[in-house]
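Okay, here's what each chain looks like letter by letter:
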Amino acid sequence: MKQAIINTVKENEWQKSLDIIQTAGNIIRNGGTVIFPTETVYGLGANALDPRAAQRIYKAKGRPTDNPLIVHISDEAMLEDIASDISDEARLLIKAYWPGPLTLIFYKKDIVPSATTGGLETVAVRMPSNKIAQKLIEEAGVPVAAPSANISGRPSITSGKYAVEEMASRVDMIILSENSQIGIESTVVDMTTHLPIVLRPGKISQSQILRTIAKDERDYAAKMAELEELIHSRSSNQAMPRSPGMKYRHYSPNAELILMSRDKLISLTKDFLQETAKGYIIEEKQKKEWQKLLGEPIDISPSRVKVLTTDDALVHYKGLGVSLGQNGEEIGKNLFKTLRDLDEQGVLLIFCEDFEELEQSEFLTAVMNRIRKAADNVE
Ligand code: TXA
Ligand code: MG
């Protein structure tokens, strides 16, 4: 089996590793695949203008070919090459949020092959702020198509360690770096509709977007009202999802993942755990229920059950608790890595608190969107 070239580059010392980034850029220009860090999650990149390179991405990820790729650019001249009908509103968003965790969808130019856009007439474009990503695109000299670097359906990769474990035999090169700062993928916004609509929530929120393009307070209120109306009419029409990726199963660890309110979880853990001199054992009745849930009669011991919670609530769960942090930012940053860590530890059953009850923030809502998609008890 082929094995990727693997190198480590620290983001704030990227100049010292220019040769590594140049090698990666050459690989991409010549049709190969490179995993690289971005501020959101690690990406699996290839030349966006080469249909065969795009196909290599789909193959490496095992991704359905109707799910389009995000094209990463390093300067605005690249945007002009690949996208058309760039509105004034789009220019405002670009000025405010690029480089950064915002992906904008435009009508594509002919130079972008349909292999990259999953057959769509539109193209998703993002300018990442991570210095290694920027320099890599510059060195490649071509726009870089890059989905998240995980195997399709698995949690996104936010630490170099999991890029190597999962992908080393599937790509030509991996650039290892620090853990991803944001930890969930970019906000995806459709710029081809009258009102810019968030198709995938992320760090930059829908209200930030409308605020940025609004002329004044009144215009902002009108745009928010229009959005409400639109969302309402769409859900009642059961419209097709505009972002093809949204219909697929996502972010799933190997363990069963169950989402619940904190109150329910605290009483549930009290019920199923029996304190002993050595720690805890699980009630027999509970074991039977879980085995039904997991399908097979599997050895369930307390070490194979975990509860995802916050720092201040760890006390409620004794040894079962694993904290994702204390606020939305931290939960977002730690989520995907923790799901993968628990898989590696052989955990079979992960309960996760519904964090939306803890903090009112649009970012936490975006993080909960990922958790709901990953959960086995949410439709
Ligand atoms: O943060 C990110 O966006 C990461 C990093 C690597 O940049 N990339 C990423 O790519 O998350 P991916 O392929 O895992 O997710 C792309 C999402 C999918 O939901 C896809 O359906 C949607 O963007 N998308 C891409 N092109 C689109 C288009 N032309 N129209 C509608 N949705 C599109
Ligand atoms: Mg993805």
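Our subject is the structure listed above.
Described below are features of the structure shown in this document. These figures come from a predicted structure and were not determined experimentally.

Structural notes on the site of ligand 1
Working step 1: Around ligand 1 sit 28 residues, and of these T40, N67, H72, S186 and G245 come closest.
Working step 2: For ligand 1, whose free accessible area comes to 690 Å², the fraction covered by protein is 97%.
Working step 3: Of all elements in the fold, only β4 (70–72), β7 (122–126) and β11 (197–200) reach the threshold of two or more residues within the shell around ligand 1.

Here's the deal with the sheet that holds strand β15 (residues 305–309)
Working step 1: One open sheet accounts for 4 strands, arranged β12-β17-β15-β16; its pairing is parallel. Two strands lie at the open edges of the sheet, namely β12 (256–260) and β16 (321–323), each paired on one side alone. Within this sheet the neighbouring strands show an average axis-to-axis angle of 25°, counted without direction.
Working step 2: Where β15 meets β16, 3 bridges bridge the pair, whose relative direction is parallel. Pairing of V307 across the sheet is with G321, part of β16.
Working step 3: Packed onto the sheet, helix α9 (residues 262–272) meets β12, β15 and β17 (349–353) and runs at close to 140° relative to β17.
Working step 4: Here helix α10 (residues 284–294) sits on the sheet in contact with β12, β15 and β17, set at roughly 95° to β17.

Thoughts on the side chain of S74
Working step 1: Here S74 shows up in the loop between β4 and α3 (76–82).
Working step 2: The class of S74 is buried, set by a relative accessible area of 15%.
Working step 3: Look past the residues within four positions of S74 in its chain and what remains in contact with it is M127, Q134, I137 and E138.

Some words on the environment of E139
Working step 1: When you line up the elements, E139 lands in helix α5 (residues 131–140).
Working step 2: Under the relative-accessibility criterion, E139 is labelled partly exposed at 23%.
Working step 3: Each C-alpha atom of the pair E139 and A96 lies 25 Å from the other, and the pair is 43 residues apart in sequence.
Working step 4: Here E139 is in contact with L18, I21, Q22, G25 and R29, once residues within four sequence places are set aside.

Considerations on the pairing of strand β6 (residues 102–108)
Working step 1: Taken across its 7 residues, β6 has 6 buried, putting it largely inside the fold.
Working step 2: Here strand β5 (residues 83–84) runs beside β6; their pairing, made up of 2 bridges, is antiparallel. The partner of A83 across the bridge, within β6, is K108.
Working step 3: The pairing of β6 with strand β10 (residues 187–190) spans 4 bridges and is classified as parallel. Along β10, the bridge assignment pairs L102 with T187.
Working step 4: Of the pairings in the sheet, the one linking β6 to β7 comprises 5 bridges and is antiparallel in character. Along β7, the bridge assignment pairs Y107 with T122.

Quick word on the pattern of salt bridges
Working step 1: Considering all chains together, one arrives at 18 salt bridges under this definition.
Working step 2: Across the pair D354 and R372 runs a salt bridge whose closest N-O atoms are separated by 3.7 Å. With D354 in the loop between β17 and α12 (362–374) and R372 in helix α12, the pair connects residues that are 18 residues apart, well separated along the chain.
Working step 3: The exposure class of R372 is partly exposed, given its relative accessible area of 29%.
Working step 4: Through salt bridges with shared partners, a single network forms among R154, E166, R340 and D343.

So, the packing of aromatic side chains
Working step 1: According to the stated counting rule, one finds 1 aromatic pair in the structure shown.
Working step 2: The ring centre of F363 lies 4.9 Å from the NZ or CZ of K203, which sits over that ring.
Working step 3: Lying across the ring of Y220, R211 places its NZ or CZ 3.9 Å from the centre.

Cut-offs applied
Residues numbered from 1 in each chain as written. Chains lettered and ligands numbered in written order. Predicted model: local features only at pLDDT ≥ 70, side-chain atom pairs only at ≥ 80, totals over all residues. Heavy atoms only, no water. Near = heavy atom within 4 Å. Areas by Shrake-Rupley, 256 points an atom, 1.4 Å probe, with all protein chains shown as cover. Helix = DSSP H or I, 4+ residues; strand = E, 2+ residues; numbered from the N terminus. Pairing = 2+ DSSP bridges. Axes fitted to C-alpha atoms, helices over the stretch in contact; angles between N-to-C directions. Contact = heavy atoms within 4.5 Å. Buried < 20%, exposed > 50% of the residue type's maximum accessible area, 1.4 Å probe, protein only. Salt bridge = Lys/Arg side-chain N within 4 Å of Asp/Glu carboxyl O. Phe/Tyr/Trp six-rings, centres within 6.5 Å; stacked < 30°, edge-to-face > 60°. Lys NZ or Arg CZ within 6 Å of the ring centre and 35° of its normal.

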